[in-house]
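The lines below spell out each chain.
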Amino acid sequence: MGSMLRRCANWDYRQRAIYMVTLTVEGRRPLLGTLVGGEAAATIAPSSAGELVAACWREIPERFPGVTLMESQLMPDHFHGILFVREPQKKALGAIVGAFKSHSTSLFLHAARGEIHAARGMAQDEAVLCPAARGGGAGEPRPPALWSPGFQDTILFHKGQLAAMRAYVLDNPRRLAVKRAHPDLFRIVRDLPCAGARFAAIGNHFLLDYPVKRQVQCSRSATPEALDEQEAELLAAARHGAVLVSPCISPGEKRIARAALAASLPLIVLLENGFPPFYKPPKTYFEACAAGRLLM
């Protein structure tokens with residue numbers, strides 16, 4: 001249950017470090033809470049299952065002395081937490097997260113079985129039983145599992161990374177509200193037609209219809225002066241209606257893409273490996289997607 005989905009090779013997960021972990025609900029069911037409020041004041045109202053999960057998370061320092069909790073965020077179908085392993089542990093991070101998952105799952109299943117029995121006492125018609133009671137087949141119905149196998153982890157290695165971790169965790173409700181307010185801009189399309197081929201894409205597809213597009217291609221050997229000139233010329237073109245198209249491979253190409261995003265100019269970014277099923281654009285790309293200025 002505590003196996004990792006993103007493990008850092010050659011890292012001893014028992015040692016002192018700050019970790020951000022992410023766990024997803026089995027089947028991505030929205031069991032943990034409900035989004036309330038708009039983009040400016042979004043928050044998650046926890047369900048009974050979400051309250052169980054939050055309570056189990058708060059108990060980690062009691063079960064694992066030397067571990068401090070820093071931030072956490074319930075989402076409808078997943079959970080983010082940042083913890084600080086202040087003192088080396090006898091067991092690895094996977095054991096800590098595994099114990100949290102096991103404890104919260106045990107409490108969740110116990111509560112779900114109670115709901116099944118209560119629903120049976122209130123009605124004989126299975127159509128009105130709670131979701132956990134339906135489709136159980138012969139014998140005692142089995143409530144669904146709580147967590148998907150494994151978890152993802154990120155280790156703090158760099159200066160400033162903790163502030164970014166905290167901001168990401170706490171900003172999750174707002175990001176979900178933004179995605180729900182602009183679903184077409186965050187929906188992954190697997191067969192977007194372009195130039196006689198089909199591509200996976202996310203963002204504003206109408207950027208492809210702009211009549212003027214400018215390719216961003218920067219040599220790695222370009223001088224700083226040449227890059228300054230190229231950046232100024234391309235950003236000026238974008239301000240006059242062109243869409244910049246960049247693979248963001250060389251340092252110069254990445255620099256110009258950052259400058260375009262900072263200036264709120266339209267940008268098409270070419271990626272090599274497509275998108276996993278639940279892909280979410282990183283922070284700067286996310287805001288540009290929400291504003292309709294980006295196609296990936």
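Structure: see above.
Residues numbered from 1 in each chain as written. Predicted model: local features only at pLDDT ≥ 70, side-chain atom pairs only at ≥ 80, totals over all residues. Heavy atoms only, no water.

**What to know about the overall build of the chain**
Consideration 1: A count of helices and strands for the chain gives 8 helices and 12 strands.
Consideration 2: Looking at the chain as a whole, 43% of its 296 residues are labelled buried.
Consideration 3: Taking contacts inside the chain between residues at least 6 apart in sequence as the whole, the part at least 24 apart equals 67%.
Consideration 4: Of the roughly 16,100 Å² of accessible surface on the chain, 56% is carried by carbon and sulfur atoms. (Helix = DSSP H or I, 4+ residues; strand = E, 2+ residues; numbered from the N terminus. Buried < 20%, exposed > 50% of the residue type's maximum accessible area, 1.4 Å probe, protein only. Contact = heavy atoms within 4.5 Å. Areas by Shrake-Rupley, 256 points an atom, 1.4 Å probe, with all protein chains shown as cover.)

**Points about the pattern of salt bridges**
Consideration 1: Following the criterion strictly, the structure yields 11 salt bridges and no others.
Consideration 2: Among the ionic pairs, Arg 28 bridges to Asp 77, the shortest N-O distance being 3.5 Å. Highlighted residues: Arg 28 in the loop between strand 1 (17-24) and strand 2 (33-36) and Asp 77 in the loop between strand 4 (67-74) and strand 5 (78-85), separated in sequence by 49 residues.
Consideration 3: Arg 28 sits in the partly exposed class, given a relative accessible area of 27%.
Consideration 4: Taking the relative accessible area as the measure of exposure, Asp 77 reaches 18% and is therefore buried.
Consideration 5: Residue Glu 231 pairs with Arg 255 through a salt bridge whose shortest N-O separation is 2.6 Å. (Salt bridge = Lys/Arg side-chain N within 4 Å of Asp/Glu carboxyl O.)

**Overview of helix 1 (residues 48-58)**
Consideration 1: Within the span of helix 1, buried status applies to Ala 49, Gly 50, Val 53, Ala 54, Cys 56 and Trp 57. Each buried residue of helix 1 lies within a common arc of 160 degrees when the element is viewed along its axis, so the set occupies one face. (Arc of directions from axis to C-beta.)

**A look at the nonpolar core**
Consideration 1: Core analysis: the largest hydrophobic core is formed by 31 residues, its most contacted members being Tyr 19, Phe 100 and Trp 147.
Consideration 2: Of all elements in the fold, only strand 1, helix 1, strand 4, strand 5 and helix 3 (93-122) reach the threshold of two or more residues within this core.
Consideration 3: Beyond its immediate chain neighbours, meaning those up to four positions away, Tyr 19 contacts Trp 11, Asp 12, Tyr 13, Gly 81, Ile 82, Leu 83, Val 85, Leu 93, Thr 154 and Ile 155.
Consideration 4: Counting 29 residues, the second largest nonpolar core, distinct from the first, contains Phe 186, Cys 248, Ile 256 and Phe 275. (Core = buried A, V, L, I, M, F, W, Y, C linked by side-chain atoms within 4.5 Å.)

**Quick word on the packing of helix 4 (residues 161-170) against helix 5 (residues 172-181)**
Consideration 1: Where helix 4 contacts helix 5, the axes come no closer than 4 Å and their chain directions differ by 50 degrees. Comparing the axis directions of helix 4 and helix 5 gives the class oblique. Facing Tyr 168, Val 169 and Leu 170 of helix 4, the residues of helix 5 in contact are Asn 172, Pro 173 and Arg 175. (Axes fitted to C-alpha atoms, helices over the stretch in contact; angles between N-to-C directions. Parallel < 35°, antiparallel > 145°, perpendicular 65-115°, else oblique.)

**Description of unusual backbone geometry**
Consideration 1: Although it is not a glycine, Arg 28 sits at a positive phi angle of roughly 55 degrees.
Consideration 2: In this structure, Cys 248 is a non-glycine residue whose phi angle is positive, near 50 degrees.
Consideration 3: As for its placement among the helices and strands, Cys 248 is situated in the loop between strand 10 (243-246) and helix 7 (251-262).

**Digging into the packing of aromatic side chains**
Working definition: an aromatic ring pair is given by the centre-to-centre distance plus the angle between the planes.
Consideration 1: Applying the stated criterion across every chain, the model contains 8 aromatic pairs.
Consideration 2: Ring centres of Trp 57 and Phe 100 lie 5.3 Å apart, and the angle between their planes is 80 degrees; this geometry places the pair in the edge-to-face category. Taken as a pair, Trp 57 in helix 1 and Phe 100 in helix 3 lie far apart in primary sequence, 43 residues in all.
Consideration 3: Three or more aromatic residues joined by ring pairs make a cluster, and in this case those are Trp 57, Phe 79, Phe 100 and Trp 147.
Consideration 4: Just above the ring of Phe 278 sits the side chain of Arg 28; from NZ or CZ to the centre is 4.2 Å.
Consideration 5: The ring centre of Phe 286 lies 4.1 Å from the NZ or CZ of Arg 175, which sits over that ring. (Phe/Tyr/Trp six-rings, centres within 6.5 Å; stacked < 30°, edge-to-face > 60°. Lys NZ or Arg CZ within 6 Å of the ring centre and 35° of its normal.)

**Quick notes on the side chain of Arg 175**
Consideration 1: Tracing the backbone shows Arg 175 in helix 5.
Consideration 2: The buried charged residue Arg 175 lacks any salt bridge partner; its closest oppositely charged side chain belongs to Asp 171, at an N-O distance of 4.9 Å.
Consideration 3: Setting aside chain neighbours within four positions, we find Arg 175 in contact with Tyr 168, Lys 280, Pro 281, Lys 283 and Phe 286. (Lys, Arg positive; Asp, Glu negative; His and termini not counted.)

**Focus on the packing of helix 5 against helix 8 (residues 283-290)**
Consideration 1: Taken N-terminus to C-terminus, the directions of helix 5 and helix 8 make an angle of 30 degrees; their axes are 10 Å apart at the nearest point. Of the two possible hands of crossing, helix 5 and helix 8 adopt the one that is left-handed. On helix 8, the residues that touch Arg 174, Arg 175, Val 178 and Lys 179 of helix 5 are Lys 283, Phe 286, Glu 287 and Ala 290.
Consideration 2: Here the residues of the contact of helix 5 with helix 8 sort into 3 nonpolar, no polar and 5 charged. (Left-handed = near helix turned anticlockwise from the far one by under 90°. Nonpolar A, V, L, I, M, F, W, Y, C, P; charged D, E, K, R; others polar.)

**Concerning the state of the cysteines**
Consideration 1: Overall, the coordinates contain 0 disulfides when judged by the stated rule.
Consideration 2: With no disulfide of its own, Cys 218 lies 9.6 Å from the sulfur of Cys 248, the closest cysteine sulfur.
Consideration 3: The exposure class assigned to Cys 248 is buried, which follows from its relative accessible area of 14%. (Disulfide = S-S within 2.5 Å.)

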